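# Examination of the molecular architecture
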Amino acid sequence: MSLLEVRDLDAGYGDLQILTDVDLDVGADEYVTIVGPNGAGKSTVMKSVFGLTTHMAGTVTFAGEDITATKPEDVIHKGMGYVPQSDNVFAALNVRENLEMGAYILDEVPEAALREVYERFPILEERRDQKAGTMSGGQQQMLAMGRALMLDPDLLLLDEPSAGLAPDLVEEMFDKIDEINDAGTAVLMVEQNAKEALRRCDRGYVLANGQNRYVDEGRKLLNDEQVRQEFLGG
């Protein structure tokens, strides 16, 4: 049984339908990437899993439990973390305060989790007293990921983690995601850098016009001539 199962999902925003009959699976400890052209509905899939869209049909099952249209604050309790593409840190709070916010559902901050985040992202410990709004884009993205890891989620959702990063920081960001997955956290990622994402992930989904087009191992999709011509620029 998959950790996450999405079946026949129709979803959108208000009366606007974006997704049609979308299927998706993420196994325990698996690293899955969703790619596709702009407007394909990639981020909408992720937001639908986390309860941030209008559910129209289909089901979302997590760890064997039906969580279809469950509110985000309840999804977090079930073992899922989410890092949105933008506005993903509390700019006026310092680094440690941002990380503490990641554990807001607990009675007290888990110091062991905080140490693990600092070990994974040493720059965050170095800058623990710095206001998040004054950090670089890459540092803010690491902070957002670190905050999502404070509850040790079984599944981490990442929406365009490399967006807006300087080219020399993109590989470092992907390396961090690899490390998170290697440590046992399943990852579902939407990513604009499709070639690098498919090269690293276990399995990939290609979406177009809100529907599944292709699904296969990441490297097989990367080397598929039709996928390359249609979606990866040859």
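Anyway, here's the lowdown on the structure attached to this text. As the structure is a computational prediction, the values presented were derived from the model and not from experiment.

With that out of the way, let us pick up the side chain of arginine 200. Along the polypeptide, arginine 200 turns up in helix α8 (residues 194-200). Of the residues examined, arginine 200 reaches a relative accessible area of 14% and is grouped as buried. Among the polar contacts made by the side chain of arginine 200, one reaches the side chain of aspartate 175 at a distance of 2.9 Å.

Right, let's get into the nonpolar core. Nonpolar side chains in soluble globular proteins generally cluster together in the buried interior. Judged by nonpolar contacts, the single largest core of 45 residues is most densely connected at Leu124 and Ile177. Considering each element in turn, this core owes the most residues, six residues, to helix α6 (residues 137-149). Each residue touching isoleucine 177, except ones within four places of it in the same chain, is listed here: Tyr31, Met145, Leu158, Pro161, Val187 and Met189.

What follows concerns the packing of aromatic side chains. Taken as a whole and judged by the stated rule, the model has two aromatic pairs. Ring centres of phenylalanine 50 and tyrosine 82 lie 4.9 Å apart, and the angle between their planes is 35 degrees; on these two criteria the pair is classed as tilted. Of this pair, phenylalanine 50 sits in the loop between α1 (42-49) and β4 (54-62) while tyrosine 82 is found in strand β6 (residues 80-83), placing the two residues 32 residues apart along the sequence. In this structure, phenylalanine 50 and tyrosine 82 share a single accessibility class: buried. Between tyrosine 214 and phenylalanine 231, the ring centres sit 6.1 Å apart and the planes meet at 75 degrees, which makes this aromatic pair edge-to-face. Taken together, the residues span a long stretch of sequence, with tyrosine 214 in strand β10 (residues 211-217) and phenylalanine 231 in helix α10 (residues 225-231) at a distance of 17 residues. This pair shows no difference in class: tyrosine 214 is buried, exactly as phenylalanine 231 is.

Pairing between the strands of a sheet is mediated by backbone hydrogen bonds and can be parallel or antiparallel. In space, the six strands of this open sheet follow the order β6-β7-β8-β3-β9-β10, with mixed pairing throughout. At either end of the open sheet lies a strand with only one pairing partner, and these are β6 and β10. Looking at each pair of strands side by side, their axes are set apart by 15 degrees on average, direction ignored. Running over the sheet, α1 touches β3 (31-35), β6, β7 (155-159), β8 (186-190) and β9 (203-208) and is turned about 145 degrees from β7. Across the sheet, α6 lies against β6 and β7, angled at about 165 degrees from β6, the strand it touches most.

Quick notes on the rules
- Residues numbered from 1 in each chain as written.
- Predicted model: local features only at pLDDT ≥ 70, side-chain atom pairs only at ≥ 80, totals over all residues.
- Heavy atoms only, no water.
- Helix = DSSP H or I, 4+ residues; strand = E, 2+ residues; numbered from the N terminus.
- Buried < 20%, exposed > 50% of the residue type's maximum accessible area, 1.4 Å probe, protein only.
- Polar contact = N/O pair within 3.5 Å; in protein donor to acceptor, adjacent residues only side chain to side chain.
- Core = buried A, V, L, I, M, F, W, Y, C linked by side-chain atoms within 4.5 Å.
- Contact = heavy atoms within 4.5 Å.
- Phe/Tyr/Trp six-rings, centres within 6.5 Å; stacked < 30°, edge-to-face > 60°.
- Pairing = 2+ DSSP bridges.
- Axes fitted to C-alpha atoms, helices over the stretch in contact; angles between N-to-C directions.

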